[in-house]
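# Working through the structure, step by step
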Amino acid sequence: MSKRLFFAASLALPLSACATAAPPVEVTRFHIDNPARSGSLAVEEMPGNPDVSLEFRTYASAVSQAFQQVGFTPDDGKQSDYVALVSFSRSFRPSGIDRSSDKPVSVGVGGALGSGGGRRGGSFGGLGVGVGINLSGKPKDIVTTQLHVQVRRRSDSTAIWEGRASTEAKQGSPAAQPATAAQKLANALIGGYPGESGRTINVK
C-alpha cells in the first residue's frame, strides 16, 4: 500500500466511527430516601399514555428486563409488591433544508464557432456542456423518543421512584427503531438504580 493510500485509509477510520456513534440518552431521576431495591414488580401502562398501541409491549418488556437486572422480580399479577407505570412517546422534527422541490437536473450549454482563413479556408468549433444533478432530496427527520417510568408501592400507591429518559436518532436509522430505542432508554434510565435524585445526566 502506498503512503498516500495508507493516509487516506487512516483518515476514513475515525470518520466512519463518528458517523456511526450512538446518540446519548438524557436521563433524569427522582426518588425518596433509600427506595426499595428488591421485591416483586409488575409493569403496567401509565394512565394517559399518549402513544397507546401494541408497541407498549416492547417498552414494557424492556423496562421489566431492566428492573430484573437491578434486583426486582417480575410479576404479571395484581399482587406484586410494586408496580412500574410506563409511558412513552415519539416526536419528529426536520433535520435540514428540504431540497426535494429543487429541479433535479440542470443543463448548461456553451458553444463557440470560428473560421480560419487560408487557401482552402477552414472552420473550427467548441462546445461545452455542464450537467448538475440534485441527489440530496428531502432530509430525514430527527426522531425524539421519550420514556417515563414511575414506581409505586402497591399497598398504598406511594410513588418511591420516577425517571424520564429521551434520545434522538435520524428517522430510518437502526437507533430509531422501536425495539432498539426501548431497550436503550430502559437500560439507561434504570441501570444504576436508583441513581442520584434530581440530577440530569447523559448516558452513552
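Below, the structure is looked at part by part. On a predicted model such as this, the values are computed, not experimentally measured, just so you know.

## Examining the nonpolar core
In this structure, Phe67, Leu147, Val149 and Trp161 are the most contacted members of the largest nonpolar core, which totals 30 residues. Counting residues per element, the ones that place at least two in this core are β1 (25-31), α2 (56-69), β4 (82-93), β7 (142-153), β8 (159-170) and α3 (178-190).

## Observations regarding the pairing of β8
Where β1 lies against β8, 7 bridges are found, and the strand directions are antiparallel. Bridge pairing in β8 places Thr28 opposite Arg164. As defined by bridge partners, β7 adjoins β8 across 11 bridges and the pair is classed as antiparallel. Bridging across to β8, His148 finds its partner in Arg164.

## Side note on the pattern of salt bridges
Counted by the stated rule, this structure contains 6 salt bridges. Between Glu44 and Arg154 there is a salt bridge; the shortest N-O distance is 3.3 Å. Taken together, the residues Glu44 in strand β2 (residues 39-45) and Arg154 in the loop between β7 and β8 connect sequence positions 110 residues apart. Given the relative accessible area of 26%, Arg154 is considered partly exposed. Of the charged contacts in the structure, one is a salt bridge between Arg153 and Asp156, with a shortest N-O distance of 3.3 Å. The partly exposed category is assigned to Asp156, whose relative accessible area is 41%. Through salt bridges that share partners, Glu44, Lys78 and Arg154 make up one connected network.

## A closer look at the sheet that holds strand β9 (residues 200-203)
Strand order in this open sheet of 7 strands is β3-β2-β4-β7-β8-β1-β9, and the pairing throughout is mixed. At either margin of the open sheet sits one strand with a lone partner, and together these are β3 (72-74) and β9. The mean inter-strand angle of the sheet, taken between neighbouring strand axes irrespective of direction, is 30 degrees. This element, α2, spans β2, β3, β4, β7 and β8 of the sheet and lies at about 130 degrees to β4. Contacting β1, β4, β7, β8 and β9, α3 crosses the sheet at an angle of about 135 degrees to β8.

Here is what the cut-offs are and how they apply
Residues numbered from 1 in each chain as written. Predicted model: local features only at pLDDT ≥ 70, side-chain atom pairs only at ≥ 80, totals over all residues. Heavy atoms only, no water. Core = buried A, V, L, I, M, F, W, Y, C linked by side-chain atoms within 4.5 Å. Buried < 20%, exposed > 50% of the residue type's maximum accessible area, 1.4 Å probe, protein only. Helix = DSSP H or I, 4+ residues; strand = E, 2+ residues; numbered from the N terminus. Pairing = 2+ DSSP bridges. Salt bridge = Lys/Arg side-chain N within 4 Å of Asp/Glu carboxyl O. Axes fitted to C-alpha atoms, helices over the stretch in contact; angles between N-to-C directions. Contact = heavy atoms within 4.5 Å.

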